[in-house]
Amino acid sequence: MSDTASSRLLSGRSLAMAGGLVVVGLLPLAAGASPYMLGLLISSLILAGLGLSWALLGNLGGMVSFGHAAFFGVGSYASALLAAKLGVPVLLAIPLAGGVATLSSLAMLPALRLSGPYFALAILAYAQIFRILATEASWLTGGAAGLQRFPGLPTVFGFNFAERHGSYVLVLGMVVLCALIYVVIRRSYVGIALRAIAESEDATRVVGVNSTLLKTWMLMLSAFIAGMFGALNAHIIGFLEPDYAFSGIWSVMPIIGAVFGGYRSVIGPVFGAVVIYMFDQVIAKSLIPVGHQILLGIVLAGMVLLAPNGLAGLVGRIFSRTGGKHHARA
Amino acid sequence: MVRSAIASATLALALGVGLPAAQAQEKVVTIGAHMPLTGSLARSGQTFNEGMQVALRMCNAASPKVQVKVDVIDDESTPAKAVSAVEKLASSGSVAIIGGYGSNIVGPASDASDKLGKVYITAGAVSDELTQRGLKTFFRINNNAGYQKGIATLLIDLKPQAVSIIASTKEAPTLLAQGLEKDLAAKGIKVTVHKFDPAITDFKPIINKIKLQDKPDIIMMSAYENDYVGIIRAAKVLKPQVKLMVGTWSLATPKMYTEFPDLMNNVVGTSFLPFPVEVKSEEGRKFAAAYQDMYKKEIEYLATLSFVETTLLCEAIQRAAEAGTLDKGGLADEMRKTDRDTMLGRVQFDQTGDNPNFALSMGQHREGKIVLVSPKAAATGDIAYPAVPW
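Residues numbered from 1 in each chain as written. Chains lettered and ligands numbered in written order. Predicted model: local features only at pLDDT ≥ 70, side-chain atom pairs only at ≥ 80, totals over all residues.

### Points about the overall build of chain B
Piece 1. Each helix and strand in chain B was counted, giving 13 helices and 14 strands.
Piece 2. In summary, chain B has a C-alpha radius of gyration of 23 Å against a globular reference of 21 Å for 390 residues, a match within 12%.
Piece 3. A total of 390 residues make up chain B; the buried ones form 55% of that total.
Piece 4. For chain B, restricting intrachain contacts to residue pairs at least 6 apart in sequence, the fraction spanning at least 24 positions comes to 68%. (Helix = DSSP H or I, 4+ residues; strand = E, 2+ residues; numbered from the N terminus. Rg over C-alpha atoms; globule rule 2.2 N^0.38 Å. Buried ≥ 20, exposed ≤ 12 C-beta atoms within 10 Å, placed from the backbone. Contact = placed C-beta atoms within 7 Å.)

Here it is, written out as structure tokens:
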């Protein structure tokens, strides 16, 4: 890749965005956040990573998935089993688990022939198949009883990733890394082709783009990212069972986060997931301890009605207006 | 106006003088609890909460010097939120945690509690792995072995030729079905297990298979409330030639008979109380009266479990507080010293934190009443056998 090309893919703005994300992300540590608050942030960042993988598939390739729980669950189990049964170091097991989730996505290739709601429903069915497989393969997965004894995150060079601070830094780093990968792909020629596929697959094929191949790559990458976050979550929580690992929450929450934040942008799914999770758990739960989800529902409905492009779109609109006024004054 | 102002000032002065004296004598200790107050397990969580509140009221009345209060957080039946709840409760000063419902919730939450050095007690998780982790602060009053023992005793006493077990693929029912299969097979009873996905609502195919292939004497349901209703409804339609329908948790309860009177008669489930409630112990009678007073209803299974665990924790806290070891990690030691008769029978905690004495009776629905039919020592009447709901 030429210098010009690489600078186009990872522009100063992208790096500044990544740097900003890291700085904002490290603020809770600097402010001395409690383990409780860090625990909530870790959970929200897991959803943010999953939201990124969902948005990547939806935004680049136009594939709306209702079954990301499949990749998340496969990644969870793969990492736990690799670490527990084969003794693979946890930090190596996590990307390997992403690889296993990628392999599992190959089973979904026939569904790539479908589009729109048909693809969404097909992938939802795949998620159910994997959940049932995890329940029935009790010799490997522990069946319905699940797995409780597998290694947690390790200590590396004196830095304990199992502690809340360590886990937080690791998950934050993973989210930033995945966001950068998303940016690079989005800005590449492949990304342009994928966005064109999302608009009109037939038109893109006419100009010679191998849409099936590109969509396959995106499905595999999305599965890889979702699998890695599933693996991270498994080692942080320390418990796995089929109903939890393949829970519908892992399919629905990333969609909600991405739509709330603005799934068309890279930063939207991250902020969306963090903002709605923290709003629900910190603000809504303190106002209505039991049944606080009603507040979340109201906020979500309001957001969709008032800002269809999500939080990122709303912020962008506010900034552009402010900028416009400054220009007008000048 | 002036007179009322003087009266108010006098009252304020009296309270102001009296309050420090009372505070000096009374120590208030906070415990935390995470329960599924919303979501699919909300009903169980709310009943647990009721039993816990009654236990604290009685415990505080018995020991005015150390008052125990509880902060309850809804864990939404989600492991990550249960862990967050434990961390929040610990950071806000709770000396111990009462756990939620389900091993998938209790596992990670008790792990977090152990890392924070807080005693964790549960009555809602039966997985064997929970007590094999070597946690020093984990305690529970019930376990899979106790449920298994209660059901196996009844089934073996009835001497059936064959038993069909219909088991949910959820964790606790699966464990129970596996254990029962072993116990019954060891006694020469033919056992066939039919697993089903919890999403299933139509049990007619399974019942039909049992009717035509297994031809058992007894159908055993290792499942949950909604499953029992679906299974018995399907059996009522297909009428297999069985002699008894047996189930597990939350089946032999007055609520089930009230809601499904056409399905419950003669069905047997795990229980430790007959209905109308006949409590033999003094503590049980007080619990029943306080529960009636606070919630205007009869005590039930989950509330009793919660009552017992909370009472044991509260008493251990009071002992530790009086010995001055509560702030020095003495609570876990006091918990290990527990050895007392409760409404569940004798409770002790072994090295793993488990209660080795846990065993349940079996109760049979009889025209709106629940008769304890097994084991013989706890029975309040003879079992109706053969007897089915249709």
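So that's the structure; there's more coming.
### Side note on the overall build of chain A
Piece 1. A count of helices and strands for chain A gives 16 helices and two strands.
Piece 2. At 20 Å, chain A has a C-alpha radius of gyration in line with the 20 Å of a compact globule built from 330 residues.
Piece 3. Principal-axis analysis of the C-alpha atoms gives chain A an extent of 70 × 50 × 45 Å.
Piece 4. A buried classification covers 48% of the 330 residues belonging to chain A.
Piece 5. A sequence separation of at least 24 residues applies to 75% of the contacts in chain A between residues at least 6 apart.

### Some details on the domain arrangement of chain B
Residue and element names in this part refer to chain B.
Piece 1. Domain boundaries assigned for chain B yield domain 1 (2-143 + 279-348) and domain 2 (146-277 + 361-374).
Piece 2. The gap between the C-alpha centroids of domain 1 and domain 2 is 33 Å.
Piece 3. Between domain 1 and domain 2, the residue contacts involve 15 residues of the former and 13 residues of the latter.
Piece 4. A per-class count over the side of domain 1 that touches domain 2 returns seven nonpolar, six polar and two charged. (Domains from an automatic or database assignment. Nonpolar A, V, L, I, M, F, W, Y, C, P; charged D, E, K, R; others polar.)

### Some details on the interface of chain A and chain B
Many structure descriptions define interface size as the accessible area lost when the parts assemble.
Piece 1. Across the contact, 22 residues belong to chain A and 23 residues belong to chain B.
Piece 2. Among the secondary structure elements, those contributing two or more residues to the side of chain A that touches chain B are α3 (35-59) and α6 (116-136) of chain A.
Piece 3. When residues in the side of chain A that touches chain B are grouped by element, the largest group, five residues, is from α3(A).
Piece 4. Class assignment of the residues belonging to the side of chain A that touches chain B gives a composition of eleven nonpolar, nine polar and two charged.

### Thoughts on the nonpolar core
Piece 1. In this structure, A97(A), V171(A), L155(B), I317(B) and L331(B) are the most contacted members of the largest nonpolar core, which totals 227 residues.
Piece 2. Here this core gets 16 residues from one element, more than from any other, and that element is α3(A). (Core = buried A, V, L, I, M, F, W, Y, C linked by C-beta atoms within 7 Å.)

### Considerations on the sheet that holds strand β1 (residues 27-35) of chain B
All names here are of chain B.
Piece 1. With respect to topology, five strands assemble into an open sheet ordered β2-β1-β3-β4-β5, the strand pairing being parallel. Looking along the sheet, the strands with just one partner apiece sit at the ends: β2 (66-74) and β5 (138-140). The mean inter-strand angle of the sheet, taken between neighbouring strand axes irrespective of direction, is 25 degrees.
Piece 2. Here strand β3 (residues 96-98) runs beside strand β4 (residues 119-122); their pairing, made up of three bridges, is parallel. Each residue of the ladder has a partner; that of A96, found in β4, is V119.
Piece 3. Against the sheet, helix α2 (residues 42-62) contacts β1, β2 and β3, and its axis sits at roughly 170 degrees relative to β2.
Piece 4. Across the sheet, helix α4 (residues 103-115) touches β1, β3, β4 and β5, and the angle it forms with β4 is around 160 degrees. (Pairing = 2+ DSSP bridges. Axes fitted to C-alpha atoms, helices over the stretch in contact; angles between N-to-C directions.)

### Points about unusual backbone geometry
Most peptide bonds adopt trans geometry, and most residues besides glycine take a negative phi value.
Piece 1. Here the bond from F275(B) into P276(B) is cis, since omega is 0 degrees, no more than 30 degrees from zero.
Piece 2. Mapped onto the elements, P276(B) comes out in the loop between β10 (268-271) and α11 (282-295).
Piece 3. A cis amide bond links S374(B) to the next residue, P375(B), at an omega of -5 degrees.
Piece 4. Here the phi dihedral of F157(A) falls at roughly 50 degrees; this positive angle occurs in a residue that is not glycine.

### Quick look at the confidence of the model for chain B
Residues and elements named next belong to chain B.
Piece 1. In this model, chain B carries an average pLDDT of 89, and 93% of its residues clear a pLDDT of 70 or more.
Piece 2. A low-confidence stretch, residues 1-23 stays under pLDDT 50, and its non-local contacts, those more than four residues away or across chains, total zero contacts.
Piece 3. Scoring of the predicted complex yields 0.81 for pTM and 0.79 for ipTM. (pLDDT = per-residue confidence, 0-100.)

### Considering the packing of helix α2 (residues 12-30) of chain A against helix α8 (residues 164-187) of chain A
Residues and elements named next belong to chain A.
Piece 1. Between α2 and α8, whose axes approach to 10 Å, the crossing angle comes to 165 degrees. Compared by their axis directions, α2 and α8 come out roughly antiparallel. Here the hand of the crossing between α2 and α8 comes out right-handed. Of the residues in α8, those touching α2 at S14, A18, L21, V22, G25 and L29 are H165, Y168, L172, V176, A179, L180 and V183. (Parallel < 35°, antiparallel > 145°, perpendicular 65-115°, else oblique. Left-handed = near helix turned anticlockwise from the far one by under 90°.)

### Observations regarding the packing of α3(A) against helix α11 (residues 211-237) of chain A
Residues and elements named next belong to chain A.
Piece 1. The N-to-C vectors of α3 and α11 enclose an angle of 170 degrees; their axes lie 8 Å apart at closest approach. When the interaxial angle is binned, α3 and α11 end up roughly antiparallel. Facing I42, I46, G49, L50, L52, S53, L56 and L57 of α3, the residues of α11 in contact are M218, L219, L221, S222, I225, A226, F229, L232, N233 and I236.

### As for helix α4 (residues 68-85) of chain A
Residues and elements named next belong to chain A.
Piece 1. Helix length check: α4 (18 residues) gives 26 Å between terminal C-alpha atoms against 26 Å at 1.5 Å per residue, within 8%.
Piece 2. Judged by how many residues are buried, α4 sits mostly within the fold: 16 of 18 residues are covered.
Piece 3. Phi turns positive, to about 70 degrees, at G87, one or two residues after α4. (Expected span 1.5 Å × (residues − 1).)

### Things to note about the pairing of strand β8 (residues 218-222) of chain B
All names here are of chain B.
Piece 1. Of all five residues that make up β8, five are buried, and the element is covered over most of its length.
Piece 2. Across five bridges, strand β6 (residues 162-168) lies against β8 in parallel orientation. If you follow I166 over to β8, its bridge partner there is M221.
Piece 3. Pairing geometry for β8 and strand β9 (residues 244-246), over three bridges, is parallel. Paired with I218 across the strands is L244, a residue of β9.
Piece 4. In this fold, β8 hands off to helix α8 (residues 225-238), which returns the chain to β9; that crossover is right-handed. (Right-handed = clockwise from strand over helix to strand, strands pointing away.)

### Quick word on the environment of D202(A)
Residues and elements named next belong to chain A.
Piece 1. Among the structural elements, D202 can be located in helix α10 (residues 201-206).
Piece 2. With 8 C-beta atoms packed within 10 Å, D202 lands in the exposed category.
Piece 3. For the pair D202 and K285, spaced 83 residues apart in sequence, the C-alpha separation works out to 47 Å.

### Quick notes on the environment of A80(B)
Piece 1. Considering the arrangement of structural elements, one finds A80(B) in helix α3 (residues 79-91).
Piece 2. The spacing of A80(B) and I105(B) is 25 residues in sequence and 8.2 Å in space, taken between C-alpha atoms.

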